[in-house]
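# An overview of the molecular structure
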Amino acid sequence: SAVISQKPSRDICQRGTSLTIQCQVDSQVTMMFWYRQQPGQSLTLIATANQGSEATYESGFVIDKFPISRPNLTFSTLTVSNMSPEDSSIYLCSVEEGLRTDTQYFGPGTRLTVL
Amino acid sequence: GQQVMQIPQYQHVQEGEDFTTYCNSSTTLSNIQWYKQRPGGHPVFLIQLVKSGEVKKQKRLTFQFGEAKKNSSLHITATQTTDVGTYFCAGTSGYSTLTFGKGTMLLVSP
């Protein structure tokens, strides 16, 4: 399976600032996803990022708050803008790959705390 | 929209006891997947079931997909402390994105 890395692994940020999270994959993949997981909770899909097109956002998530870039088939960024304490969460990127359609492989996550 | 419900939310067992988590969907699923997330870790893919009534085994883990493709279960025989973690089911229906259940947290006491 693909090897996925995320930067930063964790950060503590001040209210009102923005943080950009990077996701790097060691192979070319078509579909990349960004999830949010609040402590002890399930995974909530933020958006799907395909190379060469705008990200598709799920209900409750908007581009102004979570802008996403997907410049090539191995890299994506998610920015959490104008942060508030409610944005404190783990942010995970994932990819689909191989013959197992829909199956996803996750990066290690970015643990964000907003003060 | 599609909803995937999972029970129980939490289970604490003694090592050697069996464990089962159940997953139910509000719609017929194209496939069901199971993931395991260790404490402090990220979700790791375990298995995918596609066919109605399908049963798959991985060592002490048995996965089932219901005949109507709306429910699934994961059974662990003789739990070990290494089984600790949260088990998530996730399903897709048609062209929908993968929807995760809320997960079952398993604690195993030695």
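Along each chain, numbering runs from 1 in the same order as the chain's sequence is written. For naming, the first written chain is A and the first written ligand is 1, with later ones following in the order written. Selection of residues for local features in this predicted model requires a pLDDT of at least 70, selection of side-chain atom pairs for listing and counting requires 80 or more, and totals for whole chains, interfaces and linings are taken over all residues. Side-chain calculation: all heavy atoms of the structure are included, whereas hydrogens and water are not.

This paragraph deals with a nonpolar patch on the surface. A cluster of nonpolar side chains, B:Tyr10, B:Met105 and B:Leu107, forms an exposed patch at the surface whose accessible area comes to about 260 Å². Labels follow the DSSP assignment, with helices taken as runs of H or I lasting at least four residues and strands as runs of E lasting at least two, numbered in each case from the N terminus. Looking at the secondary structure, you find B:Leu107 in strand β11 (residues 104-109). Patch membership requires more than 30% relative accessible area and the absence of a salt bridge. Residues of like charge join within 9 Å; the nonpolar side chains Val, Leu, Ile, Met, Phe, Trp and Tyr join within 5 Å. Computed with a 1.4 Å probe, the accessible areas rest on the Shrake-Rupley method; for each residue, only the protein chains presented here act as cover. Should a side-chain nitrogen of Lys or Arg be within 4 Å of a carboxyl oxygen of Asp or Glu, the pair is scored as a salt bridge.

Looking now at the packing of aromatic side chains. A pair of aromatic rings is counted whenever rings of Phe, Tyr or Trp (Trp by its six-membered ring) have centres within 6.5 Å, and the orientation is called stacked for planes under 30 degrees apart, edge-to-face for over 60 and tilted otherwise. Per the stated rule, a full pass over the model turns up 10 aromatic pairs over all chains. Seen in terms of ring centroids, A:Phe106 and B:Phe100 are 6.1 Å apart; in terms of plane orientation they differ by 70 degrees. Their pairing is edge-to-face. Of the two residues, A:Phe106 sits in strand β10 (residues 104-106) while B:Phe100 sits in strand β10 (residues 99-100), which places them in two different chains. Per residue, the accessibility class of A:Phe106 equals that of B:Phe100, and both read buried. Ring-pair connections join several aromatic residues into one group, and the members of that group are A:Tyr35, A:Tyr105, A:Phe106, B:Tyr35, B:Phe45, B:Phe88 and B:Phe100. Only protein chains enter the accessibility calculation, which uses a 1.4 Å probe. A residue is then buried if its area is under 20% of the maximum for its type, exposed if over 50%, and partly exposed in between.

All names here are of chain A. The 4 strands are arranged β1-β3-β8-β7 in an open sheet whose pairing can be described as antiparallel. Only two strands of the sheet have a single neighbouring strand rather than two, namely β1 (4-7) and β7 (68-72). Going from strand to strand, the sheet's axes swing by 15 degrees on average, the running direction of each strand aside. Note that β7 and strand β8 (residues 75-80) share 3 bridges and pair antiparallel. When the bridges of β8 are listed, Asn 72 appears paired with Phe 75. The pairing criterion is simple: DSSP has to find at least two bridges between the two strands. Only C-alpha atoms enter the line fits that serve as axes; for helices the fit covers just the stretch in contact. Angles between N-to-C directions range over 0 to 180 degrees.

This next bit is on the state of the cysteines. In plain terms, two cysteine sulfur atoms within 2.5 Å form what is called a disulfide here. Under the defined criterion, the tally for this structure stands at 2 disulfides over all chains. What pairs with A:Cys23 in a disulfide is A:Cys93, and their sulfur atoms sit 2.0 Å apart. Measuring the twist about the S-S bond at about 70 degrees, one finds the A:Cys23-A:Cys93 disulfide to be right-handed. Of this pair, A:Cys23 sits in strand β3 (residues 19-25) while A:Cys93 sits in strand β9 (residues 89-96), and the two are 70 residues apart along the sequence. Here the two residues A:Cys23 and A:Cys93 agree in accessibility, since each one is buried. With its sulfur 2.0 Å from that of its partner, B:Cys23 forms a disulfide with B:Cys89. An S-S torsion of about 75 degrees defines the bridge between B:Cys23 and B:Cys89 as right-handed.

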